Amino acid sequence: MEISIRNLNKAFGDRQVLANVDLDIRGGEFISIIGPSGVGKTTLLNIIAGIADADGGSIGLKPDPASWEPIIMVFQDFLLFPHLNVRRNIAYGLQNRVNFRRAFTIPDEQDLPARKERQGMIFRRSEEYAAHFDIGDLLHKYPAQLSAGQKQRVALARAMVLNPALLLLDEPFANLDPSLKMETARFIRRIQGEYGVTTMAVTHDLPEAFAMSDRIGVMLDGSIRQLDDVERIYRFPADEQVGAFLGPVNLLPAASWNRCRFSGEPPAPPPDESAADGHSILVRAESIGLEADPRGPASVLRRRFRGTLVEFDVELDGAEYTVFRLDSDLDPGARVGIRIKDYVYLHKENS
C-alpha cells in the first residue's frame with residue numbers, strides 16, 4: 001500500500017497539533033516518525049488509522065483498502081484480551097472476519113461439521129503465525145502470564161495473521177525493558193521484510209528507529225521537518241534542530257572551521273569578514289577527529305568514559321565542542337588539532 005498525505009491539520013482547542021503535514025510512504029517500506037513527546041506523532045497515526053478525524057487535508061491510499069486487506073494498528077499497551085489465551089488472542093481477528101462474512105452469506109448454523117472445519121483452519125493458521133513469531137510454546141497461556149516482550153509478539157502476530165495492507169505501530173518499545181528493545185526492533189524489521197507489509201511506526205526511541213526503518217521522519221512543532229533514509233538524515237540533517245534531536249551536534253562558525261582540517265572538500269569561505277557570522281557548519285560528535293599536536297588550535301577540557309565510546313569536551317576559540325572517539329589516549333589539557341569528516345553547511349543571512 002502507498003500513502004500520500006497532503007496539508008494535514010489537527011487542533012485540540014487552541015493548540016495546533018498538526019500543521020500542514022505532507023508525507024509519502026512507499027509500498028512495502030518501513031518508515032518511522034520520531035519526535036519529542038506531545039509533538040503530534042500519535043495523533044497523525046490515529047488519523048491514518050481512522051480513529052481520529054483531521055481538521056483539514058487529505059490522505060490518499062493506493063490501492064483502496066475497502067477489501068479484506070485492512071489497516072491494522074498495534075497500540076503501545078498491546079490491548080490483548082485478558083480472558084483469552086494466546087491462541088484465541090491471535091485468532092480473534094480471523095474469527096471476526098469469518099463471522100462478518102457469514103452474516104452476508106447463507107446461514108449454516110446447523111452445519112456443525114462446516115463450523116468445526118472453519119474453526120480448525122483458523123486455529124491452524126494462528127498456530128503457524130505463533131510459531132513464526134517464536135511464541136508457539138505459549139499458545140495455552142493467558143496475557144497475565146506473559147512478559148512484555150511476549151505480549152508484544154502476540155499483538156504483532158494477531159495483526160499480521162490478517163494480512164494487513166498497512167501496519168501502524170504506536171510507540172512499539174514503550175513497555176519493554178531496555179535489554180529487549182534492540183532485539184525487538186530487529187525482530188520487527190525481519191518480520192516486516194518477510195511479509196512485505198507497508199509499516200509506519202511512531203516512536204521517540206532513536207536507536208531502535210534506526211535499526212528497523214528504511215526512512216525516518218523527524219517531527220517538530222506539528223510538522224515533519226525532514227524525511228530521509230536513516231543514514232542520510234543522521235549525517236546530513238536539514239537544520240540544527242533536526243540534527244540536535246538525533247544526537248549531539250556541534251555548530252562551528254566560519255572563524256573556527258577555518259582553523260580545522262577536512263577529510264574531504266572544505267566548505268566555501270564566506271565572501272568577506274562581515275558575512276562570517278552568517279555562516280556555520282553542523283558537525284556530529286563522531287565526525288570530529290582529534291590529533292595530538294602541541295601547537296594545535298584546540299585543547300581537551302574533559303574526558304568521560306561511556307562504554308563503547310569516550311566523550312571529550314574540547315575548547316576551540318573560546319567555545320566548547322563535543323567529540324566522540326573509540327580510544328581514550330588524550331588527557332585533559334592536551335593540545336590537539338581538529339579534522340572534520342562530515343558536515344552540513346548552514347548559511348543564514350546576516351541580520
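A. Here's a closer look at the overall build of the protein chain. Looking only at helices and strands, the protein chain features nine helices and 18 strands. Burial statistics for the protein chain: of 351 residues in total, 45% are counted as buried. Of the contacts made within the protein chain by residues no fewer than 6 positions apart, 70% connect residues no fewer than 24 positions apart. Per element, the accessible surface of the protein chain, about 17,500 Å² overall, is 50% carbon and sulfur.

B. Summary view of the packing of aromatic side chains. What the rule picks out here adds up to six aromatic pairs. On the numbers, 4.3 Å between centres and 40° between planes, the contact of F81 with Y92 is tilted. Taken together, the residues span a long stretch of sequence, with F81 in the loop between strand 5 (71-74) and helix 2 (86-102) and Y92 in helix 2 at a distance of 11 residues. Summarising the aromatic geometry, the rings of F133 and F187 are spaced 5.5 Å apart at their centres and angled 70° between planes, so their arrangement reads as edge-to-face. Placement of the pair is F133 in the loop between helix 3 (112-132) and helix 4 (148-160) and F187 in helix 5 (residues 178-195), with a sequence separation of 54 residues. The two residues F133 and F187 agree in class, both being buried. A cation over a ring is seen here: R87 above F123, with NZ or CZ 6.0 Å from the ring centre. The ring of Y234 carries R284 above its face, with NZ or CZ at 4.1 Å from the centroid.

C. Region of interest: the nonpolar core. Judged by nonpolar contacts, the single largest core of 37 residues is most densely connected at V86, I90, F133, I135, L167 and L169. The leading source of residues in this core is helix 4, at six residues. If near-sequence neighbours (up to four positions away) are discounted, I135 is found in contact with V86, I90, A130, R153, V154 and A157. Within the second largest apolar cluster, 24 residues are counted, among which are L8, V21, I25 and A165.

D. Examining the environment of A11 more closely. Positionally, A11 belongs in strand 1 (residues 2-12). Put simply, A11 and T43 are 32 residues apart on the chain and 9.9 Å apart in space, counted from C-alpha to C-alpha. When near neighbours in sequence (up to four residues on either side) are disregarded, A11 contacts Q16, V17 and D55.

E. Here's a closer look at the packing of helix 4 against helix 5. Here helix 4 crosses helix 5 at 15°, and the two axes come no closer than 12 Å. In this view, helix 4 runs roughly parallel relative to helix 5, as classed from their interaxial angle. In terms of crossing hand, the pair formed by helix 4 and helix 5 is right-handed. Across the interface between the two elements, G149, Q152, R153, L156 and M160 from helix 4 touch L180, E183, T184, F187, I188, I191 and Y195 from helix 5. Class assignment of the residues belonging to the contact of helix 4 with helix 5 gives a composition of seven nonpolar, three polar and two charged.

Rules of the game
- Residues numbered from 1 in each chain as written.
- Predicted model: local features only at pLDDT ≥ 70, side-chain atom pairs only at ≥ 80, totals over all residues.
- Heavy atoms only, no water.
- Helix = DSSP H or I, 4+ residues; strand = E, 2+ residues; numbered from the N terminus.
- Buried < 20%, exposed > 50% of the residue type's maximum accessible area, 1.4 Å probe, protein only.
- Contact = heavy atoms within 4.5 Å.
- Areas by Shrake-Rupley, 256 points an atom, 1.4 Å probe, with all protein chains shown as cover.
- Phe/Tyr/Trp six-rings, centres within 6.5 Å; stacked < 30°, edge-to-face > 60°.
- Lys NZ or Arg CZ within 6 Å of the ring centre and 35° of its normal.
- Core = buried A, V, L, I, M, F, W, Y, C linked by side-chain atoms within 4.5 Å.
- Axes fitted to C-alpha atoms, helices over the stretch in contact; angles between N-to-C directions.
- Parallel < 35°, antiparallel > 145°, perpendicular 65-115°, else oblique.
- Left-handed = near helix turned anticlockwise from the far one by under 90°.
- Nonpolar A, V, L, I, M, F, W, Y, C, P; charged D, E, K, R; others polar.

What is shown is where atoms sit, not what they do.
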